[in-house]
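Chain by chain, the residues run as shown.
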Amino acid sequence: MDGTPDDIEFLVTSDYRVAVLDTLASAPNDRDALRSATGASSPTMSRILTDYENRNWVEREDRRYQLTGLGEFVADRLREFVDAMSIEHQLRDVWQWLPHELDGFSVNLFTDITVTRPNAGHPDKSTKRRIELITETSTWRGVGVAMLGLRTLETSFDRFLDQHEEFHCEYIYPPEVFDELLSWGDTETIMEAADSDSYTVLLHENLPMEDRYEISLFDDCVTICCYDHEKGGLQALIETTSSDMRTWAETYYERFRTEAQPLRDAYEHGSLRSLE
């Protein structure tokens, strides 16, 4: 590949080389400023700048160094690669729970990501973060297996029944999941919430969810809740503010919303065992 592997190795085997490119991508700097920004020693900085000048990646004007057009090209592509690998690193351990089978879903939809997982010191860390989102948001649209957990249920229904807050949730459930929700909670309270202005329940009998995950649209982010019923409970909460992911989630949600049945219609037709 005409020496390309050597150039890649040249860059990625030194954090300082990457840091100098990243710093110069923001603005021209002199040696002292580059050393302060990167932590490189004076000899290391001299070698890096000489190497970059030899590659026509940087040029010097008086005492300040700046990227050439070629250097900007390398810096931009390197930043894209670093960002991509950061996303890959976060998704690696939750890959098996992602909704790969849903039309249009792709890793390319992520431009940023935060993954919250339980750990030994905080076994309910994912649940706590989900409760924070429910508490802080003003709108919540979701589809899937959600809210099957006592703490999440309590937080959700407190908000649904509090008419003093500007909050609305619209949720699309598989009928069997809403049946399970009713069996876990106080049926009277849940139905009271469903009659409120804050909570709209829709039922869909053919969601391709495989009982594994939930997709939600909050005010500022999209989340994917990853469930593992063999291990028990919520295994990860994935958040992103990506506009591409939001566009996909909106399209996915609206597709099933148009096919869904309001709760009262399902009740009148006897679709819900728990209300009989």
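Residues numbered from 1 in each chain as written. Predicted model: local features only at pLDDT ≥ 70, side-chain atom pairs only at ≥ 80, totals over all residues. Heavy atoms only, no water.

Looking at an unreviewed UniProt entry, one finds the chain named Transcriptional regulator and attributed to Natronorubrum bangense JCM 10635.

Asker: Lay out the pattern of salt bridges in plain terms, naming residues and giving numbers.
Answerer: When the charged atoms of two side chains lie near each other, side chains of opposite charge can form a pair. Summed over the entire model, instances satisfying the criterion amount to 12 salt bridges. Of the charged contacts, one joins Glu 239 and Arg 129 as a salt bridge, the two residues approaching to 2.8 Å between their closest N and O atoms. Placement of Glu 239 in strand E10 (residues 234–240) and of Arg 129 in helix H6 (residues 125–136) is noted, with a sequence separation of 110 residues between them. Take Arg 129: its relative accessible area is 22%, and that puts it in the partly exposed class. (Salt bridge = Lys/Arg side-chain N within 4 Å of Asp/Glu carboxyl O. Helix = DSSP H or I, 4+ residues; strand = E, 2+ residues; numbered from the N terminus. Buried < 20%, exposed > 50% of the residue type's maximum accessible area, 1.4 Å probe, protein only.)

Asker: Explain the side chain of Ser 126 to me, and be specific about the residues and the numbers.
Answerer: Topologically, Ser 126 is positioned in helix H6. Within the local environment of Ser 126, its side chain forms a polar contact with the backbone oxygen of Thr 116, the two atoms lying 2.7 Å apart. Those residues in contact with Ser 126 that lie beyond four places of it in its chain are Thr 116, Arg 117, Pro 118, Leu 234, Gln 235, Ala 236 and Leu 237. (Polar contact = N/O pair within 3.5 Å; in protein donor to acceptor, adjacent residues only side chain to side chain. Contact = heavy atoms within 4.5 Å.)

Asker: How would you explain the nonpolar core if you had to name every residue and give the values?
Answerer: Membership of the largest hydrophobic core comes to 30 residues, with the highest contact counts inside it found for Phe 105, Phe 110, Ile 172, Ile 215, Ile 238 and Trp 248. Core analysis: the second largest hydrophobic core is formed by 28 residues, Val 177, Leu 181, Ala 194 and Phe 218 among them. (Core = buried A, V, L, I, M, F, W, Y, C linked by side-chain atoms within 4.5 Å.)

Asker: Kindly report on the packing of aromatic side chains, identifying the contributing residues and their values.
Answerer: Applying the stated criterion across every chain, the model contains 10 aromatic pairs. Taking 5.5 Å as the distance between ring centres and 65 degrees as the angle between the ring planes, the aromatic pair formed by Phe 105 and Trp 248 counts as edge-to-face. With a gap of 143 residues between them, Phe 105 in the loop between helix H5 (69–91) and strand E4 (114–116) and Trp 248 in helix H10 (residues 243–257) connect regions that are remote in the sequence. Ring plane angle 80 degrees and centroid distance 5.9 Å describe the contact between Trp 140 and Tyr 171, whose orientation is recorded as edge-to-face. One end of the pair, Trp 140, is in strand E5 (residues 139–144); the other, Tyr 171, is in strand E6 (residues 168–173), and 31 residues separate them in sequence. Assigned by exposure class, Trp 140 and Tyr 171 land together as buried. One aromatic cluster in this structure is built from Phe 105, Phe 110, Trp 248, Tyr 252 and Phe 256. One residue, Arg 55, lies across the ring of Phe 10, its end atom 3.8 Å from the ring centre. The cationic tip of Arg 55 hangs over the ring face of Trp 57; the distance from NZ or CZ to the ring centre is 5.7 Å. (Phe/Tyr/Trp six-rings, centres within 6.5 Å; stacked < 30°, edge-to-face > 60°. Lys NZ or Arg CZ within 6 Å of the ring centre and 35° of its normal.)

Asker: Go over the packing of helix H2 (residues 15–26) against H5 with me, naming the residues and quoting the values.
Answerer: H5 packs onto H2 with a crossing angle of 110 degrees between their chain directions and a minimal axis gap of 10 Å. In terms of axis orientation, H2 runs roughly perpendicular to H5. Crossing handedness for the pair H2 and H5: left-handed. For the pair H2 and H5, the contacting residues are Val 18, Leu 21, Asp 22 and Ala 25 in the first and Gly 71, Val 74, Ala 75, Leu 78 and Arg 79 in the second. (Axes fitted to C-alpha atoms, helices over the stretch in contact; angles between N-to-C directions. Parallel < 35°, antiparallel > 145°, perpendicular 65-115°, else oblique. Left-handed = near helix turned anticlockwise from the far one by under 90°.)

Asker: Explain empty space enclosed by the protein to me, and be specific about the residues and the numbers.
Answerer: Rolling a probe over the atoms, with the probe sized like a water molecule, indicates the empty space that remains. Counting across every chain of the model gives 1 cavity of 30 Å³ or more. There is about 50 Å³ of room inside the largest cavity. Val 18, Leu 21, Asp 22, Ala 75, Leu 78, Arg 79 and Val 82 together form the lining of the largest cavity. Looking at the lining of the largest cavity, the elements that each hand over two or more residues are H2 and H5. (1 Å grid on protein atoms, 1.4 Å probe; cavity = no way out; pocket = protein on both sides within 12 Å on 5 of 7 lines; lining within 4 Å. Points joined across faces, edges and corners; volume = space filled by probe spheres on them.)

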